[in-house]
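# Per-entry structural report
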Amino acid sequence: MKEKSLSDTAYAKEILFMESEAIRNLIGRLDHSFQKAIDLIFTCKGRVIVTGIGKAGIIGQKISATLASTGTPSYWIHSSEARHGDLGRIVANDIILALSNSGETEVVTLLPFVKQIGAKVIAITGNNKSSLASHSDVVLDIGKIKEPCPLGLAPSASSTAMLALGDALALTIFKKRNLSKEDYAFYHPGGDLGRKLLTVEMVMRKNEGNPVADEDMILLDVLTIMTETAGKPGAVSIVDKQNKLVGFFTDGDLRRHLKNGVSFLQYRVKEVMTRSPKVINARCLAAEAYKILKDYKIDQLPVVDGSNTPIGIIDVQDLLEVGF
């Protein structure tokens, strides 16, 4: 049993070695064709439509997802489904990224129609003499790759190479776009990474959703502004004549004052507001806003710009909705 285990482990190591070699060999194959593919995708006015059959199709789905998440509009279509109506998704400004190791799968049957539409075709294939290669605008040749499976048939090293080459394409274009962490977070709002990189500006309530009142207004009128604001944030920023933040009034403040009667409703808001409230800048991470709300046990936070003018308000519910 121990010898069999060692034999299996040795075979598994050979598989990993062959797959790593398939990737390593790609390095010497990156030439002007790769650069042409980068330029085509970078300047594409439409979308990058990735297609393939079988294992190559599954790899294509991952490549398309990586492109889309790094700023390149992309989606995947099944090569067979494309022949039954999905061709209508393709327009002349699009680029087709077609994956086929042999270059002779059903992917080839799409080419006449794609050519009529006018879209460019980039092929990732292991056969640069294939029908797919012959009718593509750019050919990224992964070379003839030996599969490590016992029969030498199951796509493994070849599909690994396709995946790595797709990553090289997507991430090179990502670098070329010079996107920021905030831009990247925009495409990942639901994940843990997105939550970490979301800025206050991305989640705050602004414009009509940001209630602001003058410090000399009667509190009753301020409450009207607060309750009639879209989304009912339950708080209002108080400003002076220069539109600078001088205070904050919330539903919690209202409840506390109601314990002593209702006469305070006729006071000017500056007499009952919270002065020098906690604030945050729009460029700060949403995680920082969440920490302030949690540490000080408050539900709302005014957002100010560099001159202390209120430009938004962030509510704890806004942060809970994006996963905090």
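Details of the structure are given in the entry above.
The text that follows walks through the structure, step by step, so that each part is easy to find.

Basis of the calculations
Residues numbered from 1 in each chain as written. Predicted model: local features only at pLDDT ≥ 70, side-chain atom pairs only at ≥ 80, totals over all residues. Heavy atoms only, no water. Helix = DSSP H or I, 4+ residues; strand = E, 2+ residues; numbered from the N terminus. Buried < 20%, exposed > 50% of the residue type's maximum accessible area, 1.4 Å probe, protein only. Contact = heavy atoms within 4.5 Å. Core = buried A, V, L, I, M, F, W, Y, C linked by side-chain atoms within 4.5 Å.

### What about unusual backbone geometry?
Unlike most non-glycine residues, N207 shows phi in positive territory, near 55°. Mapping N207 onto the fold places it in the loop between α10 (200-203) and β6 (212-214). Phi at N308 takes a positive value of approximately 65°, unusual for a residue other than glycine. We classify N308 as partly exposed; its relative accessible area is 30%.

### Some details on the environment of L40
When you line up the elements, L40 lands in helix α2 (residues 32-42). Separated by 210 residues in sequence, L40 and T250 place their C-alpha atoms 54 Å apart. With residues up to four places along the chain from it excluded, the contact list for L40 reads I95, K120, I122 and V138.

### Remarks on the nonpolar core
Judged by nonpolar contacts, the single largest core of 30 residues is most densely connected at L97, L99, I122, I124, L140, I142 and L169. The set of elements that each furnish at least two residues to this core consists of α1 (2-27), α2, β1 (48-52), α3 (54-69), β3 (95-100), β4 (120-125), β5 (138-141) and α7 (157-177). Here this core takes seven residues from α7, the largest share from any one element. Residue contacts for L140: discarding those within four places in its chain leaves S33, F34, A37, I122, A123, I124, T125, L165 and L169. Counting 16 residues, the second-largest nonpolar core is a separate cluster that includes I49, I77, L111 and V114.

Everything listed here is a matter of geometry and, on its own, says nothing about what the molecule does.
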